[in-house]
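Below, each chain spelled out in residue letters.
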Amino acid sequence: MLVALAANLVIAAAKAVGGLAAGSPALLSEAAHSVADSLNEVFLLAALRRSRRPADRRHPFGYGKERFFWSLLAAVGIFVMGGCFSFFQGFEALAGGAEEDTGGYVAGLIVLGIALLAEGASLLRALYQVRRQGGTGAGLRDPALRTVVAEDGTAVLGVTLAIAGMALHMVTGQVVWEASASLAIGALLVYVAYRLGRDARDQLIGEAADQESSGRIRELLRAQPEIDSVEALFTMKTGLDTALVAARVDLVPGLDSERVEDVAVRIKRSIARTVPEADQIFLDVTDQRAREAAESPAATGERGGA
């Protein structure tokens, strides 16, 4: 990731110099995009480092959600530094703020061509990493890797739009093509920022584990001979590969306290083996008949009548 950060900084500097020299709104939009990507690389490095810290008294469930927090900041960075600046460049060009002179555009196109090759290679590396981690289903569960793939894919598409806008501006002499490219880059970045921010928000406020894992846990609980019914099952992701599981179950009548304790320990171990990411497991075990008796009018002192 440090290599990717250094590459983004070099690309951002080249785009900025070329954009200022040529007065190209599309190239300046891409420079802002690369600056946003560089800042996001810093956020992701912080996420990877801080999320690995072990649980402590202040954070008993660990620091796994640090990845989600820094991914949210990365989404904000893409929106503010990339999307908003690109919109500004596009509207300014449409309003006549951009010069019709296309001198220096050849150098700018060369810069974008090199950037396209670099961003394309980075995207291929990210997709290879996704494949190694289980494909688009399992691999993209990592918010850091998902952000990298989104950034690289957006960068390739953004550079392509900038090249098309600058080339059409040179051929037709109409700045509207390049302004349109800047607006399209801005819309693309805003959309990516929205998707990344929405996913990070869902995970920060307590997203449930995937349905497959929840289904395996429920089936395991229902298969236990000592469990009469599963009243409630709650799951929550506490990190990339960790989840909290809480279940309320009614036991069959006639179990003594020692047997109940042994059953609870055995069920927790079975859940941990079946769903490895379930590192925090809580069971609320009750005797349904005893609970009904305790809630009856005779036990509570309530009176019934016609």
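Everything here concerns the structure above.
Just so it is clear, the model here is predicted, and its values are computed rather than measured. (Residues numbered from 1 in each chain as written. Predicted model: local features only at pLDDT ≥ 70, side-chain atom pairs only at ≥ 80, totals over all residues. Heavy atoms only, no water.)

Student: What exactly am I supposed to notice about the pairing of strand β2 (residues 243–251) here?
Tutor: Sheet faces and side chains relate simply in a regular strand, where the side chains alternate between the two faces. The element β2 is largely enclosed, with a buried count of seven among its nine residues. If you look at the hairpin formed by strand β1 (residues 227–237) and β2, you'll find five residues sitting between the two strands. (Buried < 20%, exposed > 50% of the residue type's maximum accessible area, 1.4 Å probe, protein only. Helix = DSSP H or I, 4+ residues; strand = E, 2+ residues; numbered from the N terminus. Pairing = 2+ DSSP bridges.)

Student: For this particular structure, what's the right way to read helix α8 (residues 211–223)?
Tutor: Residues lying three or four places apart along an α-helix face the same way, a consequence of the helix completing one turn every 3.6 residues. With 13 residues, α8 extends 18 Å from end C-alpha to end C-alpha; this agrees with the ideal 18 Å at 1.5 Å per step. The inward-facing, buried residues of α8 contact β1, β2 and α9 (257–274). Looking at where α8 begins, the residue whose side-chain oxygen comes 3.2 Å from the main-chain nitrogen of Glu-212 is Asp-210. (Expected span 1.5 Å × (residues − 1). Contact = heavy atoms within 4.5 Å. Polar contact = N/O pair within 3.5 Å; in protein donor to acceptor, adjacent residues only side chain to side chain.)

Student: Which parts of the structure should I look at to understand the packing of helix α2 (residues 25–50) against helix α3 (residues 66–94)?
Tutor: A packed helix pair is summarised by two numbers, namely the angle formed by the two axes and the spacing between the axes. At a minimum axis separation of 9 Å, α2 and α3 run at an interaxial angle of 175 degrees. In terms of orientation, α2 and α3 fall into the roughly antiparallel class. Considered class by class, the residues forming the contact of α2 with α3 number 18 nonpolar, seven polar and three charged. (Axes fitted to C-alpha atoms, helices over the stretch in contact; angles between N-to-C directions. Parallel < 35°, antiparallel > 145°, perpendicular 65-115°, else oblique. Nonpolar A, V, L, I, M, F, W, Y, C, P; charged D, E, K, R; others polar.)

Student: Looking at this structure, I do not really get the packing of α8 against α9. What am I missing?
Tutor: Running from amino to carboxyl end, α8 crosses α9 at an angle of 145 degrees, the nearest separation of the two axes being 10 Å. In this structure, α8 crosses over α9, and the sense of that crossing is right-handed. Where α8 abuts α9, its residues Arg-216, Ile-217, Leu-220 and Leu-221 lie against Ile-267, Ser-270, Ile-271 and Thr-274. When the residues that make up the contact of α8 with α9 are grouped by side-chain class, the tally is five nonpolar, two polar and one charged. (Left-handed = near helix turned anticlockwise from the far one by under 90°.)

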